[in-house]
Amino acid sequence: MNISTELEVALNEQIGVEFSASHSYLSMAAYFERNAFDGFAQWMYVQSEEERLHAMKFYQYLNDRGGVVRLPRIDAPHWEYGLVREVFEASLAQEHAVTEHIYNLYKKAQDESDFATVSFLKWFVDEQVEEEKTVSDMIDKLKMAEGNPESLLLLDRYAMERKVAKPA
Ligand SMILES: [Fe+2]
Ligand SMILES: [Fe+2]
């Protein structure tokens with residue numbers, strides 16, 4: 001069964017949301033890199049790559065369901081940020097917005113009784129819980145390190161260890 005026009009539009013929007021998250025994380029990575037936080041930069045590169053893979057997961061799904069992929073325009077992200085903690089807070093706000101988008105998609109799919117899309121979206125519902133938790137934890141750690149450059153550099157080194165988690 002082909003996807004409905006309404007869900008096709010919504011899934012294309014979601015591709016844009018994921019690519020724009022990827023774009024914005026890439027910009028955060030550049031900001032960290034030019035401020036000598038190599039670990040936080042690595043973290044954001046990984047995050048950016050994961051968002052790209054999310055976009056591709058939607059792209060593939062839309063193709064598989066006989067939909068037309070129409071890549072939307074991506075807005076330019078910020079390139080200047082403040083404190084390290086503020087960058088991660090911006091990241092958390094972005095994740096909250098993405099979660100809301102996923103929930104709206106889920107509701108649409110449920111309303112249409114498109115159970116294949118409901119099932120496909122479950123992975124993203126769980127993934128958002130994980131992503132919000134990871135960023136929140138980092139913000140908590142950054143708050144503890146506030147005013148202590150040594151701890152901040154230790155966290156930078158810790159962030160360096162993050163690896164790309166390939167979606168299932
Ligand atoms: Fe994502
Ligand atoms: Fe995300």
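Computed from a predicted structure; not experimentally measured. (Residues numbered from 1 in each chain as written. Chains lettered and ligands numbered in written order. Predicted model: local features only at pLDDT ≥ 70, side-chain atom pairs only at ≥ 80, totals over all residues. Heavy atoms only, no water.)

Let's shift gears to the coordination of the iron ion (ligand 1). For the iron ion (ligand 1), the full set of protein donor atoms is Glu 18 (OE), Glu 51 (OE) and His 54 (ND1), and the range of their distances to it is 2.1 Å. Ordering the donors of the iron ion (ligand 1) by residue number gives the pattern E-x32-E-x2-H. If you look at the iron ion (ligand 1) and the iron ion (ligand 2), they sit 3.4 Å from each other and are both ligated by Glu 51. Of this pair, Glu 18 sits in helix H1 (residues 5–34) while His 54 sits in helix H2 (residues 38–64), and the two are 36 residues apart along the sequence. Residues Glu 18 and His 54 agree in their burial class; the two are buried. (Donors = N, O, S within 2.8 Å, 3.2 Å for Na, K, Ca; no water. Helix = DSSP H or I, 4+ residues; strand = E, 2+ residues; numbered from the N terminus. Buried < 20%, exposed > 50% of the residue type's maximum accessible area, 1.4 Å probe, protein only.)

Let us now look at the environment of Glu 130. Inspection of the secondary structure puts Glu 130 in helix H4 (residues 115–145). For the pair formed by Glu 130 and Tyr 59, sequence separation is 71 residues and the distance between their alpha carbons is 22 Å.

Let us now look at the coordination of the iron ion (ligand 2). Protein coordination of the iron ion (ligand 2) is provided by Glu 51 (OE), Glu 95 (OE), Glu 95 (OE) and Glu 131 (OE), with donor distances spanning 1.8 to 2.4 Å. In this structure, the iron ion (ligand 2) is surrounded by 4 donor atoms whose angles at the metal cover 55 to 146°, and the resulting shape is irregular. Between consecutive donors of the iron ion (ligand 2), the numbers of intervening residues give the motif E-x43-E-x35-E. (Tetrahedral: all angles 85-135°; square planar, octahedral: opposite > 155°, others 65-115°.)

Attention now moves to helix H5 (residues 149–159). Since one α-helical turn is 3.6 residues long, residues separated by three or four positions face the same way. Restricting attention to buried positions, one finds in H5 the residues Leu 155, Asp 156 and Ala 159. Across the axial projection of H5, the buried residues extend over an arc of 105°, all falling on one side. Those residues of H5 that are exposed and aimed more than 90 degrees away from the buried face are Glu 150, Leu 154 and Arg 157. Contacts from the buried residues of H5 go to H2 and H4. (Arc of directions from axis to C-beta. Contact = heavy atoms within 4.5 Å.)

Enumeration over the complete set of coordinates arrives at 13 aromatic pairs. Summarising the aromatic geometry, the rings of Tyr 31 and Phe 32 are spaced 5.9 Å apart at their centres and angled 55° between planes, so their arrangement reads as tilted. Aromatic ring contacts, followed pair by pair, group Tyr 31, Phe 32, Phe 37, Phe 40, Trp 43, Tyr 81 and Phe 88 into a single cluster. Positioned above the aromatic ring of Trp 123 is the side chain of Lys 57, whose terminal nitrogen or guanidinium carbon lies 4.5 Å from the ring centre. Its guanidinium or amino end placed over the ring of Trp 43, Arg 162 lies 4.5 Å from that ring's centre, counting from NZ or CZ. (Phe/Tyr/Trp six-rings, centres within 6.5 Å; stacked < 30°, edge-to-face > 60°. Lys NZ or Arg CZ within 6 Å of the ring centre and 35° of its normal.)

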